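Reading the structure
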Amino acid sequence: MESLKFTSLIPCKSSVNLIPTTKFVNHEVIGQVGFVPLWKRRSRRPALRLRAQVSGGSGGAQDGASAVEDQREEKGVLLGAETDSSGSVIGFNLIPPNGKLKVPDSPPEDATSDRVDEIEDIDGKEKSKAKVTRNIVFVTAEAAPYSKTGGLGDVCGSLPIVLAARGHRVMVVSPRYQNGTAADQKFSGALDLDTHIKIYCFGGDQEVAFFHEYRDGVDWVFVDHPSFHRPGNPYGDSFGAFGDNQFRFTLLCHAACEAPLVLPLGGYTFGEKCLFMVNDWHAGLVPLLLAAKYRPYGVYKDARSVVVIHNLAHQGVEPAVTFKNLGIPPEWYGALEWVFPTWARTHALDTGEAVNILKGAIVTSDRILTVSEGYSWEITTVEGGYGLNELLSSRKSILTGITNGVDVVEWDPSSDVHIASHYSADDLSGKVQCKLALQKELGLPIRPDCPLIGFIGRLDYQKGIDLIQLGMPQLMEDDVQFVMLGSGDPLCEDWMRAAEATYKDKFRGWVGFNVPVSHRITAGCDILLMPSRFEPCGLNQLYAMRYGTVPVVHSTGGLRDTVLNFNPYAQGGQGNGTGWTFSPLTKESMLAALRLACRTFTEYKPSWEGLMKRGMERDFTWESAAVKYEQVFEWAFIDPPYIG
């Protein structure tokens, strides 16, 4: 399918058109009526299907603006729900005639309790519960297993499930990507809700639809629009990033703000008292929309937003002229305003003016989270702040770092379906079998006593690939084997192929990404190398430790937080630590750390076994992280929401 382009978009003519004015009419509820019985059976039946048409009124956008002007005298534009005598929803109105709020924000207390019990029964285990339960809405560009390019997809695919198991009501809002490959089948369980809404942005009404799947206690909601249907990954293709990404993720943000109001999932909307988890710049307009588009008209006055920074290097910066396309009133331009320094401008007449969506999210959100404690400090420094360090420093009182967790079901060496032999911290014999199977699969000499080093990740500058390239000739002089799995920079991919031809019995490079192979490398290698220049959290080192593979990492961000440097002389010579960290980021320090690890592996077997077991016993579960997230949720609701 040919990629869609949006190159000649009409600018917005008036800020009053940015206010939600549509009325939801002609609703038909299909299926079970009565809220509580449906809520209790959600784990056993498909989602409630709502057939709807959304219209902006016969008068078009200008008539809609008049409707808003009339409502200003009544102090608010509120969402209402129409019900019949049995209590079933038969329609929604964004602006109810009587001006009274009737929306069924959340289910009755007994219904919520029933839903939590269902989750417990499915898992067959007793779950710890949150002290205070909330309606949580994750907004994200990717969520595994539906879409994933890195850690963002892992986080937004795992954390919502754990929070739901703790008693929260959780929705994840993400695009419904369709790229014409087998990956499209990942969305096959999502049903079309037949709910279409019109979003005013980029100079006109943009219509989006919603798909829904209820899985693992979570409402997975997918925003459907032609701009999400094209070959490539969520952000680009072989020719680079998509030119209309700002348009695509603006649609996501607007739709995510509407979803809790218009989608009666399980019989009830999530309602206005939501906590929005805003992940990276792709979702960054959500806090601004809450403050600028909804709260002035009485909607979402009790909602809060938490922006989660997974990678500060990506901020959603576009020319300043694009601000008028975002559906934000013009007086809010300052929240997004961004000016490049003189040295970064392209020519003498370039004023450097731009809009920065992540900056706007940082300014208007109620709390700020990063995916490790170390990264929360690094982004306040000149070196790690990418121009936002002063702003983040000024909001340091609401900035928190929480280390990501691990999906302990997918990543478990005692039950992993992808590896040759299962093992645990109590019985490590299967680890050797995994190594031998990997060597055989890769065509390397089968040598259990030769240190096998692995690398898994993107082939780009951030991951320190240049250091690996520089150090490989010297490393290959040692008695080691090395395997790399990754894709990215075409020059790096070519280098991997050349290195394999040069070091035939010592080096193997797998160009691309393959989940089963990544599991087999993690289980089969003795050492995992991560020389990242910066790493907000890092997951591969967590997976490695869980599989008894010892990490050697650059001392930065989440790598420094999670890998404890090995000290063989601590504890009366018994040693402690789970791996090695090195600094500064140079070829020499990297090679020194790798050689120390290899020597420990070959000459000090008891110490090596201690390293493996300590790594496998560390608690990096999402359950532990979820408790810390809940504390941030409590802090977010202490102060009033951001209103500008």
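Residues numbered from 1 in each chain as written. Predicted model: local features only at pLDDT ≥ 70, side-chain atom pairs only at ≥ 80, totals over all residues. Heavy atoms only, no water.

Any two side chains of opposite charge can pair, on the condition that their charged atoms come close. Taken as a whole and judged by the stated rule, the model has 17 salt bridges. Where Arg-134 meets Glu-634, a salt bridge forms, and the shortest distance between an N and an O atom there is 3.0 Å. With Arg-134 in the loop between α3 (109–123) and β5 (135–139) and Glu-634 in helix α20 (residues 622–636), this residue pair connects regions lying 500 residues apart in the sequence. For Arg-134, a relative accessible area of 14% corresponds to the buried category. For Glu-634, a relative accessible area of 28% gives the class partly exposed. Note that Asp-494 is salt-bridged to Arg-497, the shortest N-O span being 3.0 Å. One end of the pair, Asp-494, and the other, Arg-497, are both in helix α13 (residues 490–502), three residues apart, so they sit about a helical turn from each other. (Salt bridge = Lys/Arg side-chain N within 4 Å of Asp/Glu carboxyl O. Helix = DSSP H or I, 4+ residues; strand = E, 2+ residues; numbered from the N terminus. Buried < 20%, exposed > 50% of the residue type's maximum accessible area, 1.4 Å probe, protein only.)

Of note, Thr-556 is situated in the loop between β23 (550–554) and α16 (557–562). Non-local contacts of Thr-556, meaning those with residues more than four positions away in its chain, are made with Glu-378, Ser-532, Arg-533, Phe-534 and Glu-535. (Contact = heavy atoms within 4.5 Å.)

Okay, the state of the cysteines next. Applying the stated criterion across every chain, the model contains zero disulfides. Cysteine Cys-598 shares no disulfide, and the gap to the nearest cysteine sulfur, in Cys-450, comes to 8.1 Å. Look at Cys-598 and you get buried, because its relative accessible area is 9%. (Disulfide = S-S within 2.5 Å.)

Counting buried positions along helix α8 (residues 357–364) yields eight of eight residues, so the element is predominantly enclosed. The complete set of buried residues in α8 reads Ile-357, Leu-358, Lys-359, Gly-360, Ala-361, Ile-362, Val-363 and Thr-364. Backbone nitrogen of Leu-358 and a side-chain oxygen of the N-cap are separated by 3.2 Å at the start of α8; the cap is Asn-356. (Polar contact = N/O pair within 3.5 Å; in protein donor to acceptor, adjacent residues only side chain to side chain.)

Here we take up unusual backbone geometry. For the peptide bond that leads from Ala-144 to Pro-145, omega is 5 degrees, which places it in the cis range. The residue Pro-145 is located in the loop between β5 and α4 (151–165) in this model. Of note in the backbone geometry, Asp-194 takes a positive phi value of approximately 55 degrees without being a glycine. Mapping Asp-194 onto the fold places it in strand β7 (residues 191–201). On the basis of relative accessible area, Asp-194 is assigned to the buried category, the value being 12%.

So, on to the confidence of the model for the chain. The predicted coordinates of low-pLDDT regions are not to be read in fine detail. Summary statistics for the chain give a mean pLDDT of 83 and a share of 80% for residues scoring 70 or more. In the predicted structure, residues 1–103 sits below a pLDDT of 50 and forms 207 contacts with residues beyond four places in sequence or in another chain. Confidence drops under a pLDDT of 50 for residues 109–124, and excluding neighbours within four residues, the segment shows 27 contacts in the predicted structure. (pLDDT = per-residue confidence, 0-100.)

Once that is clear, we can look at the sheet that holds strand β16 (residues 353–356). Here we have three strands laid out as an open sheet, ordered β14-β16-β15, and antiparallel in their pairing. The open sheet is flanked by β14 (317–319) and β15 (337–339), the only strands paired with a single partner. Ignoring which end each strand starts from, the neighbouring axes of this sheet average 45 degrees apart. Summarising the sheet, β15 and β16 pair through three bridges and their orientation is antiparallel. Bridge assignment links Val-339 to a residue of β16, and that residue is Glu-353. (Pairing = 2+ DSSP bridges. Axes fitted to C-alpha atoms, helices over the stretch in contact; angles between N-to-C directions.)

Once that is clear, we can look at the nonpolar core. Nonpolar side chains tend to gather and get buried jointly when the protein is soluble and globular. Phe-138, Val-173, Phe-210, Phe-276, Met-277 and Tyr-629 are the most contacted members of the largest nonpolar core, which has 106 residues in total. Counting residues in each nonpolar core, the second largest holds 55 residues, with Ile-419, Ile-453, Trp-495 and Met-612 among its members. (Core = buried A, V, L, I, M, F, W, Y, C linked by side-chain atoms within 4.5 Å.)

Here the focus is the pairing of β16. Consecutive side chains of a regular strand alternate in pointing toward one face of the sheet and then the other. As paired elements, β14 and β16 share three bridges and run antiparallel to each other. Of the residues in β16, the one forming a bridge with Val-317 is Asn-356.

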